[in-house]
Each structure stands twice: as structure tokens, then as C-alpha cells.
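Each chain is listed here by its residues.
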Amino acid sequence: MFDEAEWRVGETADYICERRYAAVALQLPDELLQHAADLSSALNTACTARGHAAQVYILADTTYNSLSVDEVAAAHIGADCIVHFGRASLTKLSRLPAFFVFPEQQLNVPAAAACLAGSSLLASGSEADGSKVLVFVDQPLLHQLQAFESALRQQVEQRHGAAAAQRLVFPSVPRQHMEPERPAGQAQQAQQAQQPQAGCCGGGSCAAPQPAAQSAACGQACPCSSTAAKAPAQPPATGGAVDGAAVNSALPSSSTAEDGSTLHSLAGYEWQLPAGGAVQDCGLAWLGAPDAPALLQLQLTYSACPWAMLDPVLLPPAPVDSSGSAADGVAAEGSAAAAAAEAAAECGALTEGLPLEISRALRRRYFLVEKARDANIVGILVGTLGAAGYADAVQRLRRAAAAAGKKTYTLLVGKPSPAKLANFPEIEVFVLVADPQGQILDSKEFLAPIITPHEALLAFDAVEGVSQWNAAKFRLGFEDVLEAEGLGEDAPPPGSRRQEPRFSFVSGGYTGGNITSLSDSEEEGADIADGGAAAADQSMALALHAQQALQITAAPGGRSDLVEARSAADYLLHKRSWQGVETPLTGAAPAPVVAAAEGRAGRAAGYVEEGPGQRVTASDEQPQGQQ
């Protein structure tokens, strides 16, 4: 049976009615689409009961990534807002407001607290050295965060003392709603427009959105009464406010408060550390699914920190009270807590240390950075149209690649797949600008590797002094591209940061700096073709351009991979894997001339040259048993 409380239908209806949204898009992942009809009906009923009629649409298939808000699909129906169900990456929005409804999963709070309290991560260290332990709770378990925090602090204090309990920090997740980012000028105009007019009841479009009860009491004398029902109220002008707090950035960011403490955010989580505290000095604990996208982003970013993971699925079932419902999550006392911890330890729910797959993934990323250094043609793959700042990030990546002497193509193909990207065989590496939790980290099935914007900056030497690989500073988002200096409008000219000749561990030879074996005459001819067209007569420009396109560079020692293509003929000869049926330049002998042979005539059911006995007749096709 459909449970409206589990789907937070009442809170969602309040959000829609308070802001007078007329068209609402419901975004559900594939595994929840079976409940779309019941959800839409319940939401329409709840909005009608509050005196507001809203048209509800179901987004059946996301354009890019189901974790991010699909503003592209919502724009097709002219939606005023999006209600996102399921796990969310909580990246900044660019166009539409969004309301988030996370899934809910039951948790055996006493067993989880007792099991995690017995880990070596919480037992080591002290409050005196300033190290903290960040305890992240997965999104489906956020509704039990307070109960789990109370139980874990109690267990840690009983086992390791009060100082150990003070080391615990529980990052929070803004789970209510999110407003799109706006430029500074638009934000100021929106704030002026949000000021209430004289004599306004505060329920319509001339003031900030008010509860539905106040909106219903708005009289005809109010200047907003005639427009409140026609157009949705403008969202607050704060750039991405979520429950009164700043929107979390997809990149590890920090800001200093007045008391000297530092506010950090990553993967939708937000936490505060005392003055002088760094995340690299903390221990990290995770309560939730081991394959959660947020966990992967946290582990790749903080791979140098000690880790402890607790899978709630492997815990014993939650205790049930006399009424038949699960207990509210108060920490068990005495033998009950000890029995829960022992049962959790036996089932292997707790895992300590960074998984081996993360170390392998980081080594794989370093290999892809080296391949990107050797690439001459780069494809910038746009994997989002809703995350704030994606367009600026694409432009900055194009400038960085041009400064490194690389040619770029910008592609917009929707959800990337090996079949789609195989249509561009000339591109040697792709840079995916997408949601951090939507990055393709395993690109073995693709024809060309896919790297992140952070890896592209390393490969292009785009930031001065930041060209060396450091796994402790690995990033998945593209916000570091926006924050990098020297990639704006005053970016270096194309080719100004062209790499010097270096030994490539991927190709096994020297690359970069135009490593070719041109003779003196060829060098002179290439110079004429490169620079002569500008100074020559306009009638000779086309001839010089054609001359350059037909020049072929000899491969040193038969190594075509060491030749940097300077013409179309160079590229077709040395870089194309398919050379055609017969190409004399590859050393193949010309095929002998033969007379054309006459082909077969007739149909596939029976050709002319076949005998009558080999043809299938209608009687042969008659099923058995029929006379």
C-alpha cells in the first residue's frame, strides 16, 4: 500500500502550494517508477485539499544522471519546479528550484552504534591532538541521524571516555529544497522585487512566499491578489539557499566563521571543524551502503585518511516493540548493547581501512593523465546542462587545451556510451564535464579514455605549479576549473604552454614539442606552407593550403606513433588505424586487375543455378500432423 508519510507527500504539497507553482515535474529513478501513478494521484489530492491546483508531470527517463536534477527534461514541459525522489548529488542548480525527497531505510540503531564504537578508528587518537572523526550517514538513513548520534556518543563515552566522544563530528545534509544560483546583478534585482508593497498581506507575488493559510486570507484590496494565482512566486534571491544554509559545493570547499572555525562541504554534506583543523588529519566513518555514489566521491577525495565503513544491511534486524513497530533508536543498555555488537561483528558489517579498489582506481587515473598528456585532439564532453557553472567550465577547458597546443571539439551527446563516442575515432581523450557523482571512472569499454576536469588541468599544465599528480588532492568536480587562475578571458594565447619534448611512459618514446624527422628541405617547405599563405597573394592562398595538406612526414625508425601530424595526409597515414583496402603508402602491393564475375541471380529461397530439388515448396512448409 502506498505510504504518503514515507514519500513526504504532505511536505511536498506544502512546498508547492506556498510558492504557487502551477507545473511540477516529479523526477524518479528507474527503480521507483512503479510508484509514479500513486504518487502523482496523492500529490494532486494533497494540493487540491490546500486550495491550489497544480499540474503534475512524471519524468520517466533522465537526460544524463539520475542523481542530479534533470532541468533539461523539466524545461520541455515548462515546469516551475522539480521534486527529486531518491538519492541526490545536491549540486548547485542553474535554472529551476528543486525539492528533495530521500528514500528511507530502517536501521538497527543500537547494533550500529555498538559495532562502530568498537572500531579502532574511534578508539585511537584523543581530543588533545585536535583530530576529529567525521561520521557520515547515508541519505536513506538521515531520518535516524539524531538517534544514531546520541547512541554512538553514549557507546563511545562508555568504552573510550568522554574525550573520545567529543571527537565525533556528524556532517549534516540539507534535505529540504534548493534554489538556483543567480549572478550578483540578478540577485540584487530579485531581492528588491521581493520587498513587500504597502498594504500587502504577504501572500502573493509582491512579497516572499508565505504559508498557504495566509495566502488564502489575502483580500481583493491587496495588490498581489490579482497576480498570485496567475504566476508562481519568485524564489528567494539567496544564491542557492537550502533550509537557510548555503548550498553545498561539489568540490571540497571551506569558509572561515567568525569564531575561527572552518565550514567544509563535499558530496552534499556539510560539517564544521575547529580553528586549525584539517580534514586530512581526521578519521572518516561511513554508515550506509558500500556502493553509494557519495561514498565513492568521499573516498577518492580523502584517500589518505583512515576509514571505517559499516553496512546496515548486514546488521541484525532492528528490535521491535510491543506494538509491532521498530524501536525509535535509543541506545541499548548493558548486555543488549554487547550482544548487538557481537552479532554485528560476526556478520562482518564493519570494514576498516580504505578498500583496495580505491587505490587501484587512483593508479588508473594517473595512467589516464599520462595518456592525456600525449593526446593532440581532445573532446570536451558536456555531461550536464543543469549544474551551475558548467558552461564557464567548458570554456575554460577549451582555453587550457589551446594553450597546451591541443585541438578541442565540444560534444553534446546526452548520456555517454561506447557506441556514441566511437563515432569520433579521431579524438584521443575525452574530458567529461558532469556532476561529480556522475563521472565515468571505468572507461575500459570506450574507444578513448574519459578523464575528469581536474585530471585535464594536470595533463594540460593549465595551472602554474600544479602539474604533478597527488592522490591526496584528487577531485571529481569541475569547480576547481572555475577557481583556477589564468583560465578566464585573459588566458594565455594558443600554444603558449606547449609541452617540451619528454619521454612518454605510455608510448615508450619522446613526445611533445613536434617530435618529427623532417629534412631541411621539408622544414623549409613546411615553413612556407605555414606562414606563406598570410603574406602571399590571395590567389595563391588556396594552392599553399593544398600543398600543406598533401605533405607527408617520414616516420623515424618506422614509429608512426612518434610523428605529430602536421597535415591531413600525415594524420591519415600515421594516426588512422584503418588505412583502406589498399594503400600503396603502407607498402601493400597493388591488387591485380581481374575481370568482373557474374553474380548469383534469383531469390534467396531458390537461386537460378540451384537445382529444383533444393528449392523449398509450399508443401514442404506445411506443419506436421496436417493432411
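Going by the structure above, here's the rest.
In this text, all values refer to a predicted model and were calculated from it rather than measured experimentally.

Engineer: I tried to follow the overall build of the protein chain on my own but got confused; where do I start?
Structural biologist: Within the protein chain one finds 19 helices and 23 strands. Across the 627 residues that make up the protein chain, the buried fraction comes to 44%. Taking the intrachain contacts of the protein chain between residues at least 6 apart in sequence as the baseline, contacts between residues at least 24 apart amount to 67%.

Engineer: Mind showing me how you'd approach the nonpolar core here?
Structural biologist: When a protein is soluble and globular, its nonpolar side chains tend to lie buried together. Judged by nonpolar contacts, the single largest core of 67 residues is most densely connected at Leu134, Val135, Phe148, Leu152, Trp271 and Trp286. Ranked by the residues each element gives to this core, the list is headed by helix α4 (residues 109-117), at seven residues. Residue contributions to this core reach at least three from each of two domains, namely domain 1 (9-101) and domain 2 (109-176 + 261-318 + 335-354). Leu385, Tyr390, Ala400 and Val429 belong to the second largest nonpolar core, which has 30 residues in total.

Engineer: I'm lost on the packing of helix α1 (residues 9-18) against helix α2 (residues 36-49) in this one. Help?
Structural biologist: Each packed pair of helices is defined by two parameters, the angle between the axes and the distance between the axes. Interaxial distance between α1 and α2 falls to 9 Å at its minimum, and their mutual angle equals 55°. Between α1 and α2, the angle is such that the two are oblique. The handedness of the crossing between α1 and α2 is right-handed. Across the interface between the two elements, Val9, Thr12, Ala13, Ile16 and Cys17 from α1 touch Leu39, Ala42, Leu43, Ala46 and Cys47 from α2.

Engineer: Help me understand empty space enclosed by the protein in this model?
Structural biologist: Gaps between atoms show up when a probe of the same size as a water molecule is rolled over them. All told, the structure shown has five cavities of 30 Å³ or more when counted by the stated rule. Its residues placed into classes, the lining of the largest cavity shows six nonpolar, six polar and three charged. Counting the residues that make up the lining of the largest cavity, at least three belong to each of domain 1 (9-101) and domain 3 (358-506).

Engineer: Help me out: how do you make sense of the pattern of salt bridges in this one?
Structural biologist: Pairing between side chains becomes possible if they bear opposite charge and their charged atoms approach one another. Tallying each qualifying case throughout the model produces 13 salt bridges. Here Arg87 makes a salt bridge to Asp138, at a shortest N to O gap of 2.7 Å. Placement of Arg87 in the loop between β3 (81-85) and β4 (98-101) and of Asp138 in the loop between β5 (133-137) and α6 (145-160) is noted, with a sequence separation of 51 residues between them.

Engineer: What am I meant to see in a negative patch on the surface here?
Structural biologist: Judged by side-chain charge, Asp3, Glu4, Glu6 and Glu104 come together as a negatively charged surface patch. Here Glu6 is to be found in the segment before α1.

Engineer: How do you make sense of the packing of aromatic side chains when you look at a structure like this?
Structural biologist: To describe a pair of aromatic rings, you give the distance between the ring centres and the angle between the ring planes. Applying the stated criterion across every chain yields a total of eight aromatic pairs. Ring geometry for Phe136 and Tyr269: centres 5.2 Å apart, planes at 90°, overall edge-to-face. With a gap of 133 residues between them, Phe136 in strand β5 and Tyr269 in strand β12 (residues 269-273) connect regions that are remote in the sequence. The same class applies to Phe136 as to Tyr269, namely buried. If you follow Arg600 out to its NZ or CZ, it ends over the ring of Tyr607, 3.9 Å from the centre.

Engineer: Honestly, the sheet that holds strand β17 (residues 407-411) in this entry has me stumped. Any pointers?
Structural biologist: Strand pairing within a sheet occurs via backbone hydrogen bonds; the two strands may be parallel or antiparallel. Read from one edge of the open sheet, four strands run β17-β16-β18-β19, paired in parallel fashion. Bordering the open sheet on either side are β17 and β19 (450-451), each of which pairs with just one other strand. Each of β16 (377-382), β18 (429-433) and β19 touches helix α15 (residues 453-460); the most contacted strand, β18, lies at about 135° to it.

Engineer: How should I be thinking about the side chain of Thr62 in this particular structure?
Structural biologist: Within the secondary structure, Thr62 is located in the loop between β2 (55-59) and α3 (71-76). Residue classification places Thr62 among the buried residues on the basis of a relative accessible area of 10%. With residues up to four places along the chain from it excluded, the contact list for Thr62 reads Gln27, Asp70 and Lys415.

Engineer: What is the right way to read the sheet that holds β5 from this model?
Structural biologist: With mixed pairing, the five strands of this open sheet are ordered in space as β6-β5-β13-β14-β15. With one partner strand each, in any of the chains shown, β6 (168-169) and β15 (350-352) form the two edges of the open sheet. Here strand β14 (residues 307-310) runs beside β15; their pairing, made up of three bridges, is antiparallel. Bridge pairing links Met309 to Thr351 in β15. The sheet strands contacting α6 are β5, β6 and β13 (283-287), and the helix crosses β5 at an angle near 145°.

Rules used throughout
Residues numbered from 1 in each chain as written. Predicted model: local features only at pLDDT ≥ 70, side-chain atom pairs only at ≥ 80, totals over all residues. Heavy atoms only, no water. Helix = DSSP H or I, 4+ residues; strand = E, 2+ residues; numbered from the N terminus. Buried < 20%, exposed > 50% of the residue type's maximum accessible area, 1.4 Å probe, protein only. Contact = heavy atoms within 4.5 Å. Core = buried A, V, L, I, M, F, W, Y, C linked by side-chain atoms within 4.5 Å. Domains from an automatic or database assignment. Axes fitted to C-alpha atoms, helices over the stretch in contact; angles between N-to-C directions. Parallel < 35°, antiparallel > 145°, perpendicular 65-115°, else oblique. Left-handed = near helix turned anticlockwise from the far one by under 90°. 1 Å grid on protein atoms, 1.4 Å probe; cavity = no way out; pocket = protein on both sides within 12 Å on 5 of 7 lines; lining within 4 Å. Points joined across faces, edges and corners; volume = space filled by probe spheres on them. Nonpolar A, V, L, I, M, F, W, Y, C, P; charged D, E, K, R; others polar. Salt bridge = Lys/Arg side-chain N within 4 Å of Asp/Glu carboxyl O. Patch = residues over 30% accessible without salt bridge, like charges linked within 9 Å, V, L, I, M, F, W, Y side chains within 5 Å. Areas by Shrake-Rupley, 256 points an atom, 1.4 Å probe, with all protein chains shown as cover. Lys, Arg positive; Asp, Glu negative; His and termini not counted. Charge placed at Lys NZ, Arg CZ, Asp CG, Glu CD. Phe/Tyr/Trp six-rings, centres within 6.5 Å; stacked < 30°, edge-to-face > 60°. Lys NZ or Arg CZ within 6 Å of the ring centre and 35° of its normal. Pairing = 2+ DSSP bridges.

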